[in-house]
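# Working through the structure, step by step
Single-letter residue listing:
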Amino acid sequence: GAGVSQSPRYKVAKRGQDVALRCDPISGHVSLFWYQQALGQGPEFLTYFQNEAQLDKSGLPSDRFFAERPEGSVSTLKIQRTQQEDSAVYLCASSLAGGQGRRNQPQHFGDGTRLSIL
Amino acid sequence: AQRVTQPEKLLSVFKGAPVELKCNYSYSGSPELFWYVQYSRQRLQLLLRHISRESIKGFTADLNKGETSFHLKKPFAQEEDSAMYYCALSGQGGSTLGRLYFGRGTQLTVWP
């Protein structure tokens, strides 16, 4: 069916507000990634899920950032007490399973959510 | 530490001219290299990966481990090649299999 779907496409929030960004991966894709892309930069890794397990959250910039994927499908990235430096495009990507000893599977990206903090 | 360097932020060529987008990397293990492309108003999409050794839309890229480079080349650029190109690296194995490290991107413009 459709590719990776992200919502909302655009989000404007006042500094200090909490925001939640949603990602619907391609059906059957086990791996899910979140990236942050600042203006003029390439995407930077935030966190990675394999099914519902968050295996790596080393890229999350602070404890204000939280991600979940409770049923191994849809994922939500939440940012609490937003700051101006959180303004960026947040990209979600999904891929087929890639476990130990297996080659990387191509990642399929969504359109991203453009977050602007005023 | 992992790093992907794309030295050119902007690159312009005329239609029919050869084009080369440079990418250098640093990685302690055995990386997998990719080129992603983003056309205007479209999402990021995979163009090619080094393990496939294939040509996509006339583009090729060879992994040079000695020079730690993965330059993207096309002998005759077309106007529809105008886009943002990102070089990316991924490690092999481990719990973060698939995590991508991106360069900052090169905006290619092909003039008619």
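Refer to the structure printed above.
In this text, all values refer to a predicted model and were calculated from it rather than measured experimentally. (Residues numbered from 1 in each chain as written. Chains lettered and ligands numbered in written order. Predicted model: local features only at pLDDT ≥ 70, side-chain atom pairs only at ≥ 80, totals over all residues. Heavy atoms only, no water.)

## What about the state of the cysteines?
Residues and elements named next belong to chain A. Here is the rule we go by: For this text, the term disulfide refers to a pair of cysteine sulfurs within 2.5 Å. Helix and strand assignments follow DSSP, with helices taken as H or I runs no shorter than four residues and strands as E runs no shorter than two, numbered in order from the N terminus.
Counting across every chain of the model gives two disulfides over all chains. Across the disulfide from Cys23 sits Cys92; the S-S distance is 1.9 Å. The sign of the -65 degrees torsion about the S-S bond sets the Cys23-Cys92 disulfide as left-handed. On the criterion of sequence distance, the pair formed by Cys23 in strand 3 (residues 19-24) and Cys92 in strand 9 (residues 88-95) is long-range, its members being 69 residues apart.

## Let's talk about the packing of aromatic side chains
For clarity, the threshold we go by: Stacked, edge-to-face and tilted are the three classes for Phe, Tyr and Trp ring pairs, Trp counted by its six-membered ring, which pair at centre distances within 6.5 Å; planes under 30 degrees apart are stacked, over 60 edge-to-face, the rest tilted. Each residue's exposure class comes from its accessible area (1.4 Å probe, protein chains only) as a fraction of the maximum for that residue type: buried when under 20%, exposed when over 50%, partly exposed otherwise.
The final tally for this structure, using the stated rule, is eleven aromatic pairs over all chains. With a centroid separation of 5.6 Å and 40 degrees between ring planes, the pair formed by Tyr35(A) and Phe109(A) is classed as tilted. Here Tyr35(A) is found in strand 4 (residues 31-37), whereas its partner Phe109(A) is found in strand 10 (residues 108-109), with 74 residues between them in sequence. The exposure class assigned to Tyr35(A) is buried, which follows from its relative accessible area of 0%. Relative to Phe102(B), the ring of Tyr35(A) lies with its centre 5.7 Å away and its plane at 85 degrees, an arrangement referred to as edge-to-face. Within this pair, whereas Tyr35(A) is found in strand 4, its partner Phe102(B) is found in strand 10 (residues 100-102), the two belonging to separate chains. With respect to burial, Tyr35(A) and Phe102(B) carry one shared label: buried. Taken together, the ring pairs connect Phe33(A), Tyr35(A), Phe45(A), Tyr48(A), Phe109(A), Phe34(B), Tyr36(B), Tyr86(B) and Phe102(B) into an aromatic cluster.

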